[in-house]
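Architecture at a glance
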Amino acid sequence: MSLMILDKGALTPLVDALIADYASRGGVVVGPKAKGSNFIFGPIADPDELRLDYSTTILPPKKVLQPQQERLATFNMQESQVESVIEAKPTVLFGVHTCDLHAIRLLDQVFSQDHPDAHYLERRRQTIIVGLECLEPCDEHSFCESMGTLSTDGGYDLHLTDLGEAYAVDVATEAGERLLSQYGTVSEATKDDVHSLNDVRSSKQPHFTSRLDFDRVELPSLLGAAYDHPLWEELGEQCLSCGSCTNVCPTCYCFNVIDEVDMALTKGERVRHWDSCQLDEFARVAGGENFREKRSARQRHRFMRKGKYIYEKFGELGCVGCGRCIRTCVANISIVDGFNAIHESAE
Amino acid sequence: MTTSVYKPEAARLVAVEQITDLEKMFTIELPNKRNLGHDPGQFVEVSVLGVGEAPISITSSPSRSNGSFELCVRRVGDVTNALHNMQPGDMVGIRGPFGHGFPIEKMRGKDMLFAPGGLGLAPLRSLINQVLDEHDAFGRVIILYGSKRPEELLFRDELEEWKKRDDVECLVTVDQGNETWDGHVGVITTLCPEISIDPNNTIAATCGPPIMYRFVLMELLDKGIPETQIYLSLERRMKCGVGKCGHCQINGLYCCQDGPVFTYAQVKGIEEAL
């Protein structure tokens, strides 16, 4: 819609005003903040907590849109009554890197197609996303450049790019425009600002190295031909089936639903929580049959989901190259190394 | 705001009948005796509040929807055990119907060969009765049914009725007989040599435990039935029923959305299917 300039000195008052106003409406501003030596997305109570210089976060911002645990319904067993619960509140999701913006766009598709998921969609409707252009790689594990997620042309309401003394703010939606005019002091970008934005964007490119040995568009077909690849057995030997890789993945959305009942056994809640295809019981049916019993088959399923199945269903790759699964894996499994191994043996 | 696709509707158990040691038949009414509006082969998510939800195929045929529908449920997990403890008048939650059932419009005019094993008769019964209720629109109706033991046979009254009908060829077998059983003994595929069919004009439908598919499919293909005319109903942990939760994935397919009924042609290259 438009390009605005926000002086860095004006950021703190803007965030401050946002925090106060959202808090008064029962809402929250969520952004990157420090936790020990890491960063997380969490509620920002003070503008000083907001760390726009963060590298990456332990969990992706999907946790704001699809929480680790949420109530879907409350029920009364004696009266056989069920009430839907939609846990949503006004939220500003501040400082989302481009890889995660790509991931959220994919989640938007997942939860709006076919049978729309009102729980996700209502949270999404109430969430304003402020993106943040990455100018340096998070660390040696990220491979956003290879996955084409180093920049984005959408998926945000506002998008910040650090120009040194100020942020260039791409205003993409009316909600973003309202936020900016309500809380911020901004000016319209001049021609010089546009030049410096283009300069920053083009000069960042060399900082990011490609880690995939081939063009990502080949990934679905490479994986399609690699169903019986020896890699899966190797990964199965390494993998501990802990499920960390899927928990930290910004595009993993599988879940389980359980009923939790109060002590009097009269009332309860139907709760949805993250689940993982890496866990032994994920594909087991009540009769005992487990359709993905081996760890090798479960690792293969993860790779296939990220590089093939999701692409076939939604037209986007399921991996955005954030590197979180590699960073978190205690068994040192690397999805990008795996992709490369499959490519190498296909040559 | 749209309503939640995960909210079950309260429905009443109007009849509960023990049909084998492990299976009970539940007749269920939706509010105002509204018809479920299902296709044969579709399933519902059944809630027992406080215990959870489980996907169950609908065993009654749409042609007999008289303000109620039937589920044949084996007691095997938490939800199904809880269901088995319920009485007529008790309430359950229902979501659905979900998934792709049998495309009956593609089946009309054809001979029908049903080959269910064990509990696999439950989903096929919906289609069998639909076909029998408009038998003029179909050719021959052949039912080959096998179970492990005589006491595990489902719907015994209906099996007897089908056997007696002139317009139905119904053969029943058990893997292991006993003193009360004077019928055929042997696995379901041993019934196949007893029938001759016109393969190109035959639609086959099968459902059963995973181990059974391989052998039944081999027989059906051996008889020359085209892969596009063999239908299977697959069992998976269809937790949400709406293609989101991921539990029922068969490689890139979602059993709950793309199935649970598939043609053999659809799944034969899908490694995790069978």
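Residues numbered from 1 in each chain as written. Chains lettered and ligands numbered in written order. Predicted model: local features only at pLDDT ≥ 70, side-chain atom pairs only at ≥ 80, totals over all residues.

Secondary structure assignment for chain A yields 13 helices and 12 strands. Against the compact-globule benchmark of 20 Å for 347 residues, chain A has a radius of gyration of 22 Å, which places it among compact chains. For chain A, the C-alpha atoms occupy an extent of roughly 65 × 65 × 40 Å along the three principal directions. The buried share among the 347 residues of chain A stands at 44%. For chain A, contacts bridging at least 24 residues in sequence account for 72% of all contacts bridging at least 6. (Helix = DSSP H or I, 4+ residues; strand = E, 2+ residues; numbered from the N terminus. Rg over C-alpha atoms; globule rule 2.2 N^0.38 Å. Buried ≥ 20, exposed ≤ 12 C-beta atoms within 10 Å, placed from the backbone. Contact = placed C-beta atoms within 7 Å.)

When you go through chain B residue by residue, the secondary structure sums to 6 helices and 15 strands. Relative to its length of 274 residues, chain B is compact, with a C-alpha radius of gyration of 18 Å against a globular reference of 19 Å. Principal axes of the C-alpha set define a box for chain B whose edges measure 55 × 45 × 35 Å. A burial count over chain B gives 50% of its 274 residues as buried. Relative to all contacts within chain B whose residues are 6 or more apart in sequence, the contacts with residues 24 or more apart total 70%.

Each partner contributes to the interface: chain B provides 37 residues, whereas chain A provides 39 residues. For the side of chain B that touches chain A, the elements supplying multiple residues, two or more each, are β4 (52-57) and β6 (91-98) of chain B. Here the side of chain B that touches chain A gets 3 residues from one element, more than from any other, and that element is β4(B). Grouping the amino acids of the side of chain B that touches chain A by side-chain chemistry returns 14 nonpolar, 14 polar and 9 charged. (Nonpolar A, V, L, I, M, F, W, Y, C, P; charged D, E, K, R; others polar.)

All names here are of chain A. Its 12 residues give helix α13 (residues 335-346) an end-to-end C-alpha distance of 17 Å, which sits within 8% of 16 Å, the value for a rise of 1.5 Å per residue. Listed as buried for α13 are Ile-335, Val-336, Gly-338, Phe-339 and Ile-342. All buried residues of α13 lie within an arc of 160° about the axis, which places them on one face of the element. (Expected span 1.5 Å × (residues − 1). Arc of directions from axis to C-beta.)

Residues and elements named next belong to chain A. Along its sequence, chain A is organised into domain 1 (2-67 + 88-207) and domain 2 (216-346). Taking the mean C-alpha position of each, domain 1 and domain 2 sit 27 Å from one another. If you look at the interface, domain 1 gives 23 residues, while domain 2 gives 17 residues. Residue assignment for the side of domain 1 that touches domain 2 shows that the elements contributing at least two residues are α3 (98-112) and α5 (144-147). Here the side of domain 1 that touches domain 2 gets 8 residues from one element, more than from any other, and that element is α3. (Domains from an automatic or database assignment.)

All names here are of chain B. Each assigned domain of chain B is listed with its residue range as follows: domain 1 (9-98) and domain 2 (104-233). Just the C-alpha atoms count here: the centres of domain 1 and domain 2 sit 24 Å apart. Counting residues at the interface gives 16 residues for domain 1, matched by 16 residues for domain 2. The class makeup of the residues in the side of domain 1 that touches domain 2 is 5 nonpolar, 7 polar and 4 charged.

Residue and element names in this part refer to chain A. At a minimum axis separation of 7 Å, helix α9 (residues 231-238) and helix α11 (residues 295-314) run at an interaxial angle of 110°. With respect to their mutual orientation, α9 and α11 come out roughly perpendicular. Classified by chirality, the crossing of α11 by α9 is right-handed. Two secondary-structure elements touch here, α9 through Trp-232, Glu-233, Leu-235 and Gly-236 and α11 through Arg-295, Ser-296, Gln-299 and Arg-300. The class makeup of the residues in the contact of α9 with α11 is 2 nonpolar, 3 polar and 3 charged. (Axes fitted to C-alpha atoms, helices over the stretch in contact; angles between N-to-C directions. Parallel < 35°, antiparallel > 145°, perpendicular 65-115°, else oblique. Left-handed = near helix turned anticlockwise from the far one by under 90°.)

A few words on the sheet that holds strand β6 (residues 91-97) of chain A. Residues and elements named next belong to chain A. If you trace the 8 strands from one edge of the open sheet to the other, you get β3-β2-β6-β7-β8-β9-β1-β10, paired in mixed fashion. At either end of the open sheet lies a strand with only one pairing partner, and these are β3 (38-43) and β10 (187-188). Both strand β2 (residues 28-35) and β3 contribute to a ladder of 6 bridges, which runs antiparallel. Bridged to Lys-35 within β3 is Asn-38. Most of the contacts of helix α6 (residues 174-183) go to strand β9 (residues 166-171), to which it runs at about 140°, and overall it touches β1 (2-7), β7 (127-132), β8 (158-162) and β9. (Pairing = 2+ DSSP bridges.)

Strand pairing in a sheet relies on backbone hydrogen bonds, with the paired strands running either antiparallel or parallel. All names here are of chain B. Judged by pairing direction, the sheet is mixed, and its 7 strands sit side by side in the order β10-β9-β8-β7-β11-β12-β15 without closing on themselves. At either margin of the open sheet sits one strand with a lone partner, and together these are β10 (184-185) and β15 (261-263). Pairing geometry for strand β7 (residues 111-116) and strand β8 (residues 141-147), over 3 bridges, is parallel. Looking across to β8, one finds that Leu-113 is bridged to Ile-142.

Quick look at the pairing of strand β1 (residues 9-18) of chain B now. Residue and element names in this part refer to chain B. Summarising the sheet, β1 and β6 pair through 4 bridges and their orientation is antiparallel. Bridge pairing in β6 links Ala-11 to Val-92. Pairing of β1 with strand β2 (residues 23-29), which is carried by 6 bridges, proceeds in the antiparallel orientation. From the neighbouring strand, Arg-12 faces β2, where its bridge partner is Glu-29. Remark: 4 residues form the turn of the hairpin made by β1 and β2, two consecutive strands paired antiparallel.

The next point concerns unusual backbone geometry. Residues and elements named next belong to chain B. For the bond from Gly-96 to Pro-97, the omega torsion is 5°, close enough to zero to count as cis. Among the structural elements, Pro-97 can be located in strand β6. In this structure, Pro-260 follows Gly-259 across a cis peptide bond, with omega equal to 10°. A positive phi is found at Lys-33, a non-glycine position, where the angle reads about 50°. Relative to the elements of secondary structure, Lys-33 occurs in the loop between β2 and β3 (43-48). In this structure, Asn-251 takes a positive phi of about 50° despite not being glycine. In this fold, Asn-251 is placed in the loop between β13 (249-250) and β14 (253-254).

Here we take up the environment of B:Glu227. Residues and elements named next belong to chain B. In this structure, Glu-227 sits in the loop between α4 (210-222) and β12 (230-233). Between the C-alpha atom of Glu-227 and that of Thr-27, which follows or precedes it by 200 residues, the distance is 35 Å. What Glu-227 contacts, discounting residues up to four positions off in sequence, is Thr-263, Tyr-264, Ala-265 and Lys-268.

Counting through the fold element by element, B:Leu191 comes out in the loop between β10 and β11 (202-207). Using a count of 20 C-beta atoms within 10 Å as the deciding quantity, one classes B:Leu191 as buried.

Moving on, we come to the environment of A:Val261. Within the secondary structure, A:Val261 sits in strand β11 (residues 255-261). A:Val261 sits 81 residues away from A:Ile342 along the chain, and the two C-alpha atoms are 47 Å apart. In this structure A:Val261 touches A:Gly268 and B:Gly50, once residues within four positions along its chain are discounted.

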